[in-house]
Amino acid sequence: GDSYDFTPYFKYIRPTYKDADVVFCNPETVSVAPELGRSGYPTFNAPKEFADGLVKGAGCNLINLATNHMYDKHQEGVNANVELWGKQSVLAFAGANRSAEEQRRVRYFTKNGLKVAFVAFADYSNDPSVTPYGVNMYKDKALFTAQLQEARAKADAVILSMHWGTEDSNQVNPDQEQAAQLAADLGADVIIGTGPHVLQKVTWLNGKNGRKTLVWYSIGNMLSSQLKPEELTGVIASFTVQKAKNNLRVSDIRALPTYM
């Protein structure tokens, strides 16, 4: 017909995490069609209803917008996409921006008495003409450092989304390892990795000041049109974050395997 409904895709998978307070999702692309033209590979633009499907169907409420495809429809697409997500009922979204001022603002939310900072970065943009503020790039060490330092100073917990890694590779590359260690040293509590479209390891890193960082290097795909067995495989990564006196405790680490 003349509209889309993505909610049925998640009917059978959502009950597996129905009790989660926070549900992180990586939409990968802008969702501003029919404006700017609905399109697929290699430059994507999903229908606006895709955002509704992720929120109402999948229950997503923590959204990463820092990906290599976020600039596929240039700054105009980023602007429209940020406006779209601003109208959704979510805890926070980060990683794409309409201005330099907006880029400098760290996103926070409070859940069950825990103040959480959400920071999001990508490795690169498929469109190299990206504005300095359009998509957060972790190669911008000044921005990366400033955001994580502020987040660490102002929040109980720091969740970092990293869109990185070698596509279709289960191996963590040196660039990921270096960036993860820097993030750990700057105080990130949990790093959630996307980008390779396949699973990569989960591990702990020791940061400065004795803090430990949980790193999911890549949680794989959830819903996609990719067809290789490794691309059809992912996990629902889960963990619990709690205040423990003057420290933060990350526990109950689990990975529920999925096959699409």
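Cut-offs and rules
Residues numbered from 1 in each chain as written. Predicted model: local features only at pLDDT ≥ 70, side-chain atom pairs only at ≥ 80, totals over all residues. Heavy atoms only, no water. Core = buried A, V, L, I, M, F, W, Y, C linked by side-chain atoms within 4.5 Å. Buried < 20%, exposed > 50% of the residue type's maximum accessible area, 1.4 Å probe, protein only. Helix = DSSP H or I, 4+ residues; strand = E, 2+ residues; numbered from the N terminus. Contact = heavy atoms within 4.5 Å. Expected span 1.5 Å × (residues − 1). Polar contact = N/O pair within 3.5 Å; in protein donor to acceptor, adjacent residues only side chain to side chain. Salt bridge = Lys/Arg side-chain N within 4 Å of Asp/Glu carboxyl O. Right-handed = clockwise from strand over helix to strand, strands pointing away. Pairing = 2+ DSSP bridges. Disulfide = S-S within 2.5 Å. Axes fitted to C-alpha atoms, helices over the stretch in contact; angles between N-to-C directions.

If you look at the biggest cluster of nonpolar residues, it comprises 48 residues, and the most contacted ones within it are Ile63, Leu65, Trp85, Phe118, Val135 and Val190. Looking at which element gives the most residues to this core, the answer is strand E5 (residues 114-122), with five residues. Ignoring anything within four residues of it in the chain, the contact list for Val135 reads Ala66, Thr67, Met70, Tyr71, Gly95, Ala96, Gln103, Ala122 and Val130. The next biggest cluster of nonpolar side chains, apart from the first, holds 25 residues, and it includes Val119, Phe121, Leu143 and Val158.

The first and last C-alpha atoms of helix H2 (residues 74-86) sit 19 Å apart over 13 residues, in line with the 18 Å expected at 1.5 Å per residue. On the buried face of H2, the contacting elements are helix H1 (49-57), strand E2 (62-64), strand E3 (92-94) and helix H3 (100-104).

Counting through the fold element by element, Thr194 comes out in strand E7 (residues 190-194). There is a polar contact of 2.7 Å between the side chain of Thr194 and the side chain of His163. The contact partners of Thr194, leaving out residues within four places of it in the chain, are Phe24, Asn26, Asn64, Met162, His163, Trp164, Tyr217 and Ile219.

On inspection of all chains with the given rule, the structure shows 11 salt bridges. Lys243 is paired through a salt bridge with Asp156; the nearest N and O atoms lie 3.4 Å apart. With a gap of 87 residues between them, Lys243 in strand E10 (residues 233-244) and Asp156 in the loop between helix H4 (141-154) and strand E6 (157-163) connect regions that are remote in the sequence. Note that Lys228 is salt-bridged to Asp168, the shortest N-O span being 3.7 Å. On the criterion of sequence distance, the pair formed by Lys228 in the loop between strand E9 (212-216) and E10 and Asp168 in the loop between E6 and helix H5 (174-185) is long-range, its members being 60 residues apart. Judged by relative accessible area, which is 46%, Lys228 ranks as partly exposed. Judged by relative accessible area, which is 35%, Asp168 ranks as partly exposed. Here the residues in one salt-bridge network are Asp123, Lys139 and Asp175, joined through shared partners.

A separate point is the pairing of E7. For E7, the tally of buried residues reaches five of five residues, placing the bulk of the element in the interior. Residues Val190, Ile192 and Thr194 line one face of E7 and the alternating positions Ile191 and Gly193 line the opposite face, and both faces are buried. In this view, the connection linking E6 to its parallel neighbour E7 by way of H5 has right-handed handedness. Alignment of E7 against E9, held across three bridges, turns out to be parallel.

Here we take up the state of the cysteines. Summed over all chains, the structure comprises one disulfide. Between Cys25 and Cys60 runs a disulfide, and the two sulfur atoms are separated by 2.1 Å. In this structure, the disulfide formed by Cys25 and Cys60 twists by about -75° around the S-S bond and is classed as left-handed. With Cys25 in strand E1 (residues 24-25) and Cys60 in the loop between H1 and E2, this residue pair connects regions lying 35 residues apart in the sequence. Assigned by exposure class, Cys25 and Cys60 land together as buried.

Overall, mixed pairing links the six strands, which are arranged E4-E5-E6-E7-E9-E8 in an open sheet. Two strands bound the open sheet, and with one partner strand each, they are strand E4 (107-111) and strand E8 (202-206). The average angle at which neighbouring strand axes cross in this sheet is 25°, direction not considered. One ladder, built from seven bridges, connects E5 with E6; its direction is parallel. Residue Ala120 lies in a different strand from E6, and its bridge partner there is Ser161.

If you walk across this open sheet you meet the three strands as E1-E2-E3, and the pairing is parallel. Edge positions in the open sheet fall to E1 and E3, since each of these has one partner strand only. Looking at chain direction, E2 and E3 are connected through three bridges and run parallel. Looking at E3, one finds that Asn64 is bridged to Ala94.

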